[in-house]
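Summary of structural features
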Amino acid sequence: MPPAGAAVRTGETVTLIVAVTPANLEAPDLVGMSESDAISAIESMGLNATIRYVDGKKAGTVAAQRPVARSAVLLDQTITIEVGRSRPATK
């Protein structure tokens, strides 16, 4: 491989090494989705999901997410979703 800036003859092979940076993606809007649909959407984009269950929100539905929708995220980044859980019946 010739050094950078060197002249080469016509027909001579030159090897290029290209650095690949992680793809910039946009976080999907998950609020209002079911837990399973949100996880599928996250994983289909090559991202990771973390679930945090919260009281006082509609059970099984995403109430919030971090990072927020349309934020820049990187491939393999984790998105945390807050999902409502049903409260046990009180007596």
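Whatever comes next refers back to the structure up there.
A brief structural summary. (Residues numbered from 1 in each chain as written. Predicted model: local features only at pLDDT ≥ 70, side-chain atom pairs only at ≥ 80, totals over all residues. Heavy atoms only, no water.)

With respect to the overall build of the protein
Using the following cut-off: Think of it this way: any DSSP run of H or I at least four residues long counts as a helix, any run of E at least two long counts as a strand, and we number them from the N terminus. In this description, contact between two residues means that some pair of their heavy atoms is separated by no more than 4.5 Å. What sets the accessible areas is the Shrake-Rupley method with a 1.4 Å probe; for residues, cover comes only from the shown protein chains.
Check the secondary structure of the protein and you find one helix and five strands. Order of helices (α) and strands (β) in the protein, N terminus to C terminus: β-α-β-β-β-β. Considering only residue pairs separated by 6 or more positions, the protein has 68% of its internal contacts joining residues 24 or more positions apart. When the accessible area of the protein is evaluated, it comes to approximately 6600 Å², of which 53% is carbon and sulfur surface.

Examining the sheet that holds strand E2 (residues 48-59)
To keep things clear, this is the line we draw: At least two bridges found by DSSP between two strands are what make those strands a pair. All axes here are fitted lines through C-alpha atoms, helices being fitted over the stretch that makes contact, and every angle between N-to-C directions spans 0 to 180 degrees.
The sheet built from three strands is open, its strands ordered E2-E5-E3 with mixed pairing. Strands with a single pairing partner mark the edges of an open sheet, and in this sheet they are E2 and strand E3 (62-66). Ignoring which end each strand starts from, the neighbouring axes of this sheet average 20° apart. For E3 and strand E5 (residues 78-84), the ladder comprises four bridges, and the chain directions are antiparallel. Considered in E5, the bridge of glutamine 65 is made with isoleucine 81. Set on the sheet, helix H1 (residues 35-44) makes contact with E2, E3 and E5; between it and E2 the angle comes to about 155°.

Side note on the nonpolar core
Quick reminder of the rule: Put simply, buried Ala, Val, Leu, Ile, Met, Phe, Trp, Tyr and Cys residues joined by side-chain atoms within 4.5 Å make one nonpolar core. Each residue is placed in one exposure class: buried if its accessible area under a 1.4 Å probe, protein chains only, is under 20% of its type's maximum, exposed if it is over 50%, and partly exposed if it falls in between.
Within the largest apolar cluster, twelve residues are counted, these being Ala27, Leu30, Ala38, Ile39, Ala41, Ile42, Leu47, Val62, Val73, Ile79, Ile81 and Val83. Of all the elements in the fold, those that place two or more residues in this core are H1 and E5. When residues in this core are grouped by element, the largest group, four residues, is from H1.

So, H1
Since the α-helix turns once every 3.6 residues, residues separated by three or four places project in the same direction. Rules: To obtain the arc, one takes the directions from the helix axis to the C-beta atoms.
Those residues of H1 that sit buried are Ala38, Ile39, Ala41 and Ile42. Taken down its axis, H1 places every buried residue within 160° of arc, on the same side. Along H1, exposed side chains directed more than 90 degrees from the buried face belong to Glu43 and Ser44. If you follow the buried residues of H1, they end up packed against E2, E3 and E5. Phi for glycine 46, located one or two positions after H1, is positive at around 80°.

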